[in-house]
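Listed here are the chains, written in short residue letters.
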Amino acid sequence: MTGTVERERLWGGVTSAELGNAVAAVENYLAGAAGCFASLPDADLIAELHELEILRRRLAALDHLLLPELGRRNLAVDLGYGTIPRLLQAALRLSPRQAAARTRAADTVGPRTGLTGEALPPVLPAVGAAAAAGEISGEHVDALCRVLDEVPSDVPVDDFARVEQVLTEAARSLPPKGVADVGRRLIAYLDPDGRAPSEDDQRRHRGLSITERPDGSVEGLFRLTGSAGAKLIAVLDAQSAPRPAADGAADPRTYRQRMADALEDVCDLALRTGQIVAGGPSVQLIITMTAEQVKSGRGHAQTSRGQLLGVQDALLLAHESDVLDSIVNARGVVLDFGRQRRCASRSQTLALHSRDKGCSFPGCTKPTEWCQRHHVLAWVEGGRTDLENLTLVCSQHHREFRQRGWECVMREGLPWWIPPAHIDPARRPRQNQRIAQVPEG
Ligand SMILES: [Zn+2]
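Reading the values: the criteria
Residues numbered from 1 in each chain as written. Predicted model: local features only at pLDDT ≥ 70, side-chain atom pairs only at ≥ 80, totals over all residues. Heavy atoms only, no water. Helix = DSSP H or I, 4+ residues; strand = E, 2+ residues; numbered from the N terminus. Contact = heavy atoms within 4.5 Å. Areas by Shrake-Rupley, 256 points an atom, 1.4 Å probe, with all protein chains shown as cover. Buried < 20%, exposed > 50% of the residue type's maximum accessible area, 1.4 Å probe, protein only. Pairing = 2+ DSSP bridges. Salt bridge = Lys/Arg side-chain N within 4 Å of Asp/Glu carboxyl O. Polar contact = N/O pair within 3.5 Å; in protein donor to acceptor, adjacent residues only side chain to side chain. Donors = N, O, S within 2.8 Å, 3.2 Å for Na, K, Ca; no water. Tetrahedral: all angles 85-135°; square planar, octahedral: opposite > 155°, others 65-115°.

1. Some remarks on the overall build of the chain
Okay, step 1: Of the regular secondary structure elements, the chain holds 19 helices and 13 strands.
Okay, step 2: When contacts within the chain are restricted to residue pairs at least 6 apart in sequence, long-range pairs at least 24 apart make up 46% of them.
Okay, step 3: Working note: accessible area of the chain is about 28,400 Å², and carbon and sulfur atoms make up 57% of it.

Structural data, given as structure tokens:
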């Protein structure tokens, strides 16, 4: 078989003999399938369609056994991916959404391992059995996992098992959307008084995710507890009322657009108060532009989190906040900073940001917002609070660097870190990658 050698080289392992046999059988089928379709009678063509779909589903359901085995061996961590979805994204080029859905399905319908290594039954055994038999698709499994997760946690175990049975049966004859609808009706039936889900359930389901789109805009999904939601609605409602023009013309914005604008207003307000990060620098959004960009108004500025912003947008934002006007030389040493000196520590933080770009500890990527200012020569030992004696360090490294045997020194205006002898016997100073990079322009 031609594929075998190549697969071995790519994955660094060999697939099982069982899979090898299956691949050979599939290749045999594929070689003749296209030709045979044309000659099949109508009813047989439909039968072929059904049988193929069942086969596809049964193969997909193997993930419910394979992924838990990855988990049992802790392979995602050992290989450096941290989590199974990240391993799937990297190894199979899956989208984050698909990787998360497959992992969630395997976690819910596959075998589980307890804390002490003991085997536990699946959370949803009936769903798993139907998937393994090819009676329901991956989308059905996803819909069932989601809707069954909505069953209030105080429903007795036997009732929950019956709900799972009923919904799995429904999935054998309905599309995934239909299953979700039946599920919602069933949950409403279990809870005829429509009592609010418990605070525990609400907290279990809370979450917020934000994704950056290729065009630079940002989208997200959230689910909040009742109390958090009430606060959000109160704030956005007050801020999103239509604003007719001076001549009385109606506000052209849609409701959704007004809500989006209201959220931005609220964020602006929060940023202006400067009270968001307790104990950190008083600056929450830091944007770096070169002097050239400020002059021309063209190009892209960069936030301290690496997001690109049009220079025009960045200048508008800068109009509302302190302007970062540090000037850095080719090696990143700050030559001059802040014309605005009404708040020395604030300007210093901005200057430190343009030099250190965040935590200066080697290998750390924490952005400036999460950093504290560290006195290289301690303040009590006479160390001054100026740029030559300050560097940004995240709270973790601030807490741990001494304990781990590291030392910080300033050389020619830049922070360097000396590793302990057990890391480098010669104790050669190291720099954070962001500082070592020669800045553009
Ligand atoms: Zn750090």
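2. A word on helix α9 (residues 138-148)
Okay, step 1: In terms of burial, α9 is a largely internal element, eight of the eleven residues being buried.
Okay, step 2: As for α9, its buried residues are in contact with α3 (42-60), α4 (63-72), α7 (96-109), α8 (125-132), α10 (157-171) and α11 (176-190).

3. Topic: the pairing of strand β12 (residues 407-411)
Looking along a regular strand, one sees the side chains alternate between the two faces of the sheet.
Okay, step 1: The pairing of β12 with strand β13 (residues 414-418) spans five bridges and is antiparallel. By the bridge assignment for β13, Met410 is matched with Pro415.
Okay, step 2: Connecting the antiparallel pair β12 and β13 is a turn made up of two residues, with Glu412 showing a positive phi of about 50 degrees.

4. Concerning the pattern of salt bridges
Okay, step 1: Tallied over the full model, the rule gives 20 salt bridges.
Okay, step 2: We note a salt bridge from Glu169 to Arg172, for which the minimum N-O separation is 2.9 Å.
Okay, step 3: Residues joined in a network through salt bridges with shared partners are Glu53, Arg56 and Arg57.

5. Points about the sheet that holds strand β5 (residues 287-288)
Okay, step 1: Sheet architecture is open: three strands sit in the order β5-β6-β7, paired in antiparallel fashion. Edge positions in the sheet fall to β5 and β7 (308-310), since each has one partner strand and no second.
Okay, step 2: One ladder, built from three bridges, connects strand β6 (residues 300-303) with β7; its direction is antiparallel. Each residue of the ladder has a partner; that of Ala301, found in β7, is Leu309.

6. Thoughts on the environment of Glu164
Okay, step 1: Its location among the elements puts Glu164 in helix α10.
Okay, step 2: The buried category is assigned to Glu164, whose relative accessible area is 4%.
Okay, step 3: Residues Glu164 and Val147, 17 residues apart in the sequence, show an inter-C-alpha distance of 9.8 Å.
Okay, step 4: Contacts of Glu164, omitting those with residues within four sequence positions, involve Val123, Leu124, Pro125, Ala126, Val127 and Leu148.
Okay, step 5: Polar side-chain contacts of Glu164 include one of 2.8 Å to the backbone nitrogen of Ala126.

7. Quick notes on the coordination of the zinc ion
Okay, step 1: Taken together, the protein ligands of the zinc ion are Cys359 (SG), Cys364 (SG), Cys394 (SG) and His397 (ND1), with distances of 2.0 to 2.3 Å.
Okay, step 2: Bound by four donor atoms, the zinc ion shows angles of 97 to 116 degrees at the metal and therefore tetrahedral coordination geometry.
Okay, step 3: In primary sequence terms, the donor set of the zinc ion follows C-x4-C-x29-C-x2-H. Taken together, the positions of Cys359 in the loop between α17 (344-356) and β10 (371-375) and His397 in helix α18 (residues 395-400) put the pair 38 residues apart, joining distant regions of the chain.
Okay, step 4: Judged by relative accessible area, which is 0%, Cys359 ranks as buried.
Okay, step 5: You can call His397 buried: its relative accessible area is 9%.

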